[in-house]
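Survey of secondary and tertiary structure
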Amino acid sequence: MVVRLRSLILLLSISLSPLLGRSQICESGLGYCDSDSRLSSKILIKGGTVVNADHQEVADVYVEDGVIVSVKPNIKVGDGVRVVDATGKFVMPGGIDPHTHLAMEFMGTETIDNFFSGQAAALAGGTTMHIDFVIPVDGSLSKGYEAYVEKAKLSCMDYGFHMAITKWDDIVSKEMEIMVEEKGINSFKFFMAYKGSLMISDELLLEGLKKCKSLGALAMVHAENGDAVFEGQKRMIELGITGPEGHALSRPPVLEGEATARAIRLAAFVNTPLYIVHVMSIDAMEEIARAQKSGLKVIGEPVVSGLVLDDSVLWDPDFITAAKFVMSPPIRASGHGKALQAALSTGILKLVGTDHCTFNSTQKSFGIDDFRKIPNGVNGLEERMHLVWDTMVESGQISVTDYVRVTSTECAKLFNMYPRKGAIRAGSDADIIIFNPNSTFHISANSHHSRSDTNVYEGRSGKGKVEVTIAGGKIVWENEELKVVPGSGRYVSMPPFNYLYHGIDKADENYLTSLKAPVNRIKQSL
Ligand code: URP
Ligand code: ZN
Ligand code: ZN
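A short tour of the structure in this document, coming up. (Residues numbered from 1 in each chain as written. Chains lettered and ligands numbered in written order. Predicted model: local features only at pLDDT ≥ 70, side-chain atom pairs only at ≥ 80, totals over all residues. Heavy atoms only, no water.)

1. Comments concerning the sheet that holds strand S9 (residues 127-134)
Definition in use: The criterion for strand pairing is that DSSP finds at least two bridges linking the strands in question. To qualify as a helix, a DSSP run of H or I must reach at least 4 residues; to qualify as a strand, a run of E must reach at least 2; elements of each kind are numbered from the N terminus. Note on geometry: axes are C-alpha line fits, over the in-contact stretch for helices, and angles between N-to-C directions span 0 to 180 degrees. Note on contacts: a residue pair is in contact if any heavy atoms of the two residues lie within 4.5 Å.
Pairing is parallel in the open sheet, where 7 strands are placed in the order S6-S9-S10-S11-S12-S13-S14. Two strands lie at the open edges of the sheet, namely strand S6 (95-100) and strand S14 (298-300), each paired on one side alone. With strand direction ignored, the average angle separating the axes of adjacent strands in the sheet is 25°. Two strands pair when backbone bridges link them, and strand S10 (residues 158-165) and strand S11 (residues 187-191) are joined in this way by 3 bridges, in the parallel orientation. Looking at S11, one finds that Ile165 is bridged to Phe190. Together, S10, S11, strand S12 (218-222) and strand S13 (274-276) form the strand contacts of helix H5 (residues 202-215), whose direction differs from that of S11 by roughly 170°. Running at roughly 65° to S6, helix H15 (residues 400-414) makes contact with S6, S9, S12, S13 and S14 of the sheet.

Below, the structure written as structure tokens:
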């Protein structure tokens, strides 16, 4: 850990340190400073291979005032422009993580990464935007929204919100309209698990799906059969299995497959698009593949932990070592991850998230005597870009352009931010990474930027390294140093009716025609 701060900056750092944990902050890192050329509003990235989801070419990229102005070879600039040499490196859109939980109150505690430390970690790993899940307060969407607006005041990069729906009545229905029409939220998540807290019934899910459709919002589901999970948990406790392995044993893949199939069928019944978050098993992935084959608009999101880890870690004799891997749906037996990678490479699964939901060892210890009390969640915001590269590109499973698609562009398109986000082209936000494919990354809790004292990818290294991150037109990560300012992040408003909605109205018309009903019968007196 290198923290080098002086005089006034030292004072400021004392108040910020609980926010950021063990980050490296450069000397002038607590405020933008004109004398620092890294904070120039004019940047020229020279000679790199610019990669978009559909094309790659050697070109320069010129950035001014937070926006990409030009992308072409041999751009000439005058004085006052910071020139960054990217020869031999990839220049790509910053990552967008579709699935995070910063400062979330959950299972009797709150995730250890807030909107500052989580985003600082993200930036150090090449992610320049994320979409976090607002959790309603006592079922109220507006109270939940206000709480997250407060939490997000610490932001140092761009972010958006999804919103969870945890109860149903006319007020919730009306608030969904307000969230979409006035607050820039275009997606709602329904938890089919977490019985007794966040879980919803099929009846509520149906109401929610109908409402999402009427608003052009994307319905998302956490797909596990919560009633059966509850039963599985009781069974494990009765068998005397109270440790972290009980978590995996109590909620096997069949329960994820069942809920995925059910959610898909209900969305098909309503004829509305569906997004399955954190697909962890072959069972769920195969349901998604089957649905897509039959023409349904179903998106599957794997998360990094599901792609690269296996459940053997949950049997570790050391409680904390095992408990840090507890998340839901659980990390599966080896074989599932490889199948999810293959599904990502063939396009069955479309974009990679993290479900970053970090708890430290003390918090994980709440479940020392009962796995049901271990707060569910793992890290990944800082590691996603490196691990997806190493696992998918270095292994030859996807191309560099596909890498951009699954880590950034698809998310921008699904949540209606493209091409402002997810592209290196004139007019797009200057959220850019310079990636050296010949360097290496190393992961450790000793050097990561999360506030957690553990990392589920501890000790991993691999090929490829995010050497520079530019967010909102500023160089925020360079030479292993972060330059981040709480409060500098912007909320990104996301409009409804993404591309999945194209054609939905025609399908509805065809459905109505196909009914051949009501039949006009002549009433005869008997
Ligand atoms: O274990 C997890 N996934 N924690 C976060 C909450 C959720 O289900 O997404
Ligand atoms: Zn979930
Ligand atoms: Zn989640």
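2. A word on the site of ligand 1
The test is simple: Put simply, a residue is near a molecule or strand once any heavy atom of it comes within 4 Å of that molecule or strand. N or O atoms closer than or at 3.5 Å make up a polar contact, with two conditions inside protein: a donor-capable atom paired with an acceptor-capable one, and, for residues adjacent in sequence, both atoms drawn from side chains. Residues are sorted three ways: Asp, Glu, Lys and Arg are charged, Ala, Val, Leu, Ile, Met, Phe, Trp, Tyr, Cys and Pro are nonpolar, and all the rest, Gly among them, are polar.
Every one of the 14 residues lining ligand 1 counts as a neighbour, but Lys189, Tyr194, His222, Ser328 and Asp355 are closest to it. Contact between ligand 1 and Lys189: an oxygen atom at 3.0 Å from a side-chain N or O atom of the residue. At 2.8 Å from an oxygen atom of ligand 1 is found a main-chain nitrogen or oxygen belonging to Ser328. Along the lines of polarity and charge, the residues of the shell around ligand 1 split into 5 nonpolar, 7 polar and 2 charged.

3. Some details on the nonpolar core
A general trend in soluble globular proteins is that nonpolar side chains are found buried together. As a reminder of what qualifies: We call a set of buried Ala, Val, Leu, Ile, Met, Phe, Trp, Tyr and Cys residues a nonpolar core when their side-chain atoms join them within 4.5 Å. Exposure categories follow from relative accessible area, calculated using a 1.4 Å probe and restricted to protein chains: below 20% of the type maximum is buried, above 50% is exposed, and the middle band is partly exposed.
Counting 110 residues, the largest nonpolar core has Met92, Phe188 and Phe190 as its most contacted members. Residues in contact with Phe188, not counting those within four places in the same chain, are Leu141, Met163, Ile165, Met176, Met179, Val180, Cys212, Ala217, Leu218, Ala219 and Met220. Leu218, Val277, Cys411 and Ala412 belong to the second largest nonpolar core, which has 18 residues in total.

4. Some remarks on the pattern of salt bridges
Heads up, the condition is: Within this document, salt bridges are pairs made up of a side-chain nitrogen of Lys or Arg and a carboxyl oxygen of Asp or Glu, the two lying within 4 Å of each other.
Summed over the entire model, instances satisfying the criterion amount to 27 salt bridges. In this structure, Glu467 engages Lys89 in a salt bridge whose closest nitrogen and oxygen atoms are separated by 2.8 Å. Taken together, the residues Glu467 in strand S16 (residues 461-471) and Lys89 in the loop between strand S4 (82-85) and strand S5 (90-93) connect sequence positions 378 residues apart. Across the salt bridge formed by Lys465 and Glu480, the nearest N and O atoms sit 3.1 Å from each other. You can see Lys465 sitting in strand S16 and its partner Glu480 sitting in the loop between strand S17 (474-478) and strand S18 (481-482), a full 15 residues away along the chain. Residue classification places Lys465 among the buried positions, given a relative accessible area of 13%. Connected via shared salt-bridge partners are Asp158, Arg420, Lys421, Asp429, Asp431 and Arg490.

5. Considering the coordination of the zinc ion (ligand 3)
Stated precisely, the cut-off is as follows: For Na, K and Ca the donor cut-off is 3.2 Å; for every other metal, N, O and S atoms count as donors within 2.8 Å. Water does not enter the count, which can leave sites looking incomplete.
Within the protein, the atoms that donate to the zinc ion (ligand 3) are His99 (NE2), His101 (NE2) and Asp355 (OD), at distances of 1.9 to 2.1 Å. Spacing between the donor residues of the zinc ion (ligand 3) along the chain follows H-x1-H-x253-D. Taken as a pair, the zinc ion (ligand 3) and the zinc ion (ligand 2) show a spacing of 3.8 Å. Of this pair, His101 sits in the loop between S6 and strand S7 (105-106) while Asp355 sits in the loop between helix H12 (336-346) and helix H13 (361-364); the two residues are 254 residues apart in sequence, bridging distant segments of the chain. For Asp355, a relative accessible area of 7% puts it in the buried group.

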